[in-house]
Amino acid sequence: MLVDGINGVKTLLQYNSLKDYQKRLNLSLTDSEGSYMKMNTLQYLCNLLIALIAGVGTFIPLRIGGYFVLNGSLMAGGLIAIFLASDRILSPLSEMVQYYNKIQTTNQTRQKVKAMQAESEQADQKVYPTLPNEALYPICLRDIRVRFDDKTQIALNHLTIEKGSKTLLKGKSGSGKTTLLRVLMGQVKPT
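Quantities reported herein were computed from a predicted structural model and do not represent experimental measurements. All residue numbers here refer to positions counted from 1 along the written sequence of the relevant chain. The predicted nature of this model means local features are confined to residues of pLDDT at least 70 and side-chain atom pairs, given and counted, to a pLDDT of 80 or more, with totals for whole chains, interfaces and linings taken over all residues. Each side-chain value is derived from all of the structure's non-hydrogen atoms; neither hydrogens nor water enter the calculation.

Trainee: Hey, could you go over a nonpolar patch on the surface for me, with residue numbers and the actual values?
Mentor: Residues form patches when they are more than 30% accessible in relative terms and have no salt bridge. Like charges link within 9 Å. Nonpolar side chains (Val, Leu, Ile, Met, Phe, Trp, Tyr) link within 5 Å. Note on areas: these come from Shrake-Rupley sampling with a 1.4 Å probe, and a residue is covered only by the protein chains present in the view. Definition used for salt bridges: Asp or Glu carboxyl oxygen within 4 Å of a side-chain nitrogen of Lys or Arg. On the surface, a nonpolar cluster with roughly 610 Å² of combined accessible area is contributed by Val-56, Phe-59, Ile-60, Ile-64, Tyr-67 and Phe-68. Numbered from the N terminus, helices here are DSSP runs of H or I no shorter than four residues, and strands are runs of E no shorter than two. Here Phe-68 is to be found in helix α3 (residues 18–71). Judged by its relative accessible area of 36%, Phe-68 falls in the partly exposed class. Partly exposed describes any residue whose relative accessible area lies between the buried limit of under 20% and the exposed limit of over 50%, with all areas from a 1.4 Å probe on protein chains only and scaled to the type maximum.

Trainee: How would you summarise the layout of surface pockets if you had to cite specific residues and measurements?
Mentor: Put simply, the second largest pocket is a space of about 150 Å³. Lining the second largest pocket, in full, are Ile-154, Leu-156, Leu-159, Leu-168, Leu-169, Lys-170, Ser-175, Gly-176, Lys-177 and Leu-180. Among the residues making up the lining of the second largest pocket, the classes are represented as six nonpolar, two polar and two charged. Cavity and pocket criteria rest on a 1 Å grid covering protein atoms alone: a 1.4 Å probe that fits but cannot get out defines a cavity, protein on both sides within 12 Å along at least 5 of 7 lines defines an open pocket, and an atom within 4 Å of a point defines a lining residue. Grid points are joined across faces, edges and corners, and a volume is the space filled by probe spheres set on the points. Just so you know the grouping, Ala, Val, Leu, Ile, Met, Phe, Trp, Tyr, Cys and Pro go in nonpolar, Asp, Glu, Lys and Arg go in charged, and all remaining residues, Gly too, go in polar.

Trainee: With reference to specific residues and values, describe the nonpolar core.
Mentor: To define a nonpolar core, start from buried Ala, Val, Leu, Ile, Met, Phe, Trp, Tyr and Cys residues and group those joined through side-chain atoms within 4.5 Å. By size, the foremost hydrophobic cluster in this structure holds ten residues: Leu-141, Ile-144, Val-146, Ile-154, Leu-156, Leu-159, Ile-161, Leu-180, Val-183 and Val-188. Considering each element in turn, this core owes the most residues, four residues, to strand β2 (residues 151–161). Counting nine residues, the second largest nonpolar core, distinct from the first, contains Leu-13, Leu-25, Val-113 and Met-116.

Trainee: Help me get a handle on helix α8 (residues 177–185), residues and values and all.
Mentor: If you check which residues of α8 are buried, you get Thr-179, Leu-180 and Val-183. Axial view of α8: buried residues confined to an arc of 100 degrees, hence all on one face. Each element contacted by the buried residues of α8 is listed here: β1 (139–148) and β2. Positive phi shows up at Gly-186, right after α8, with a value of about 85 degrees. Note that the arc is computed from the directions linking the helix axis to the C-beta atoms. In this description, contact between two residues means that some pair of their heavy atoms is separated by no more than 4.5 Å.

Written as structure tokens, this is what we have:
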């Protein structure tokens, strides 16, 4: 939804829909962040519990192993092996750091939304002409040419669209379908 909105800002502005889109986007982001935060809180609590269990599970054997080393019934190498097995404590801690980093990823999304809102506020100062639907029909295009980088994107001799008619734009990727729609909306000027 965010990518579509960012790519379609001109269209949203032309149809005075940017504020509605931003409201829906903010609600969607807030809901997503709330759900994500609940999930991460549960994951954090689970990892904390695992770390406590792992800590107790490591500390007790080390304590007992230390006792046996001091009494001479356990070699120091056995105690070191027990200590090396205690890395289970560090694993949950590293996972908590990973979850924290995942939470921070929404900051970039929020910054993009704020930039879009700033653009919307600037757009509010501009006047975008809107016409009633009756003034739009029939749509007649004659001798339309659009070129990008010395390549003809659209070469249209004649097109008429009557009110109530349905028109299908069909073609391969890059054949000019979107460009034609942008010409109709006034976003691209024919050459």
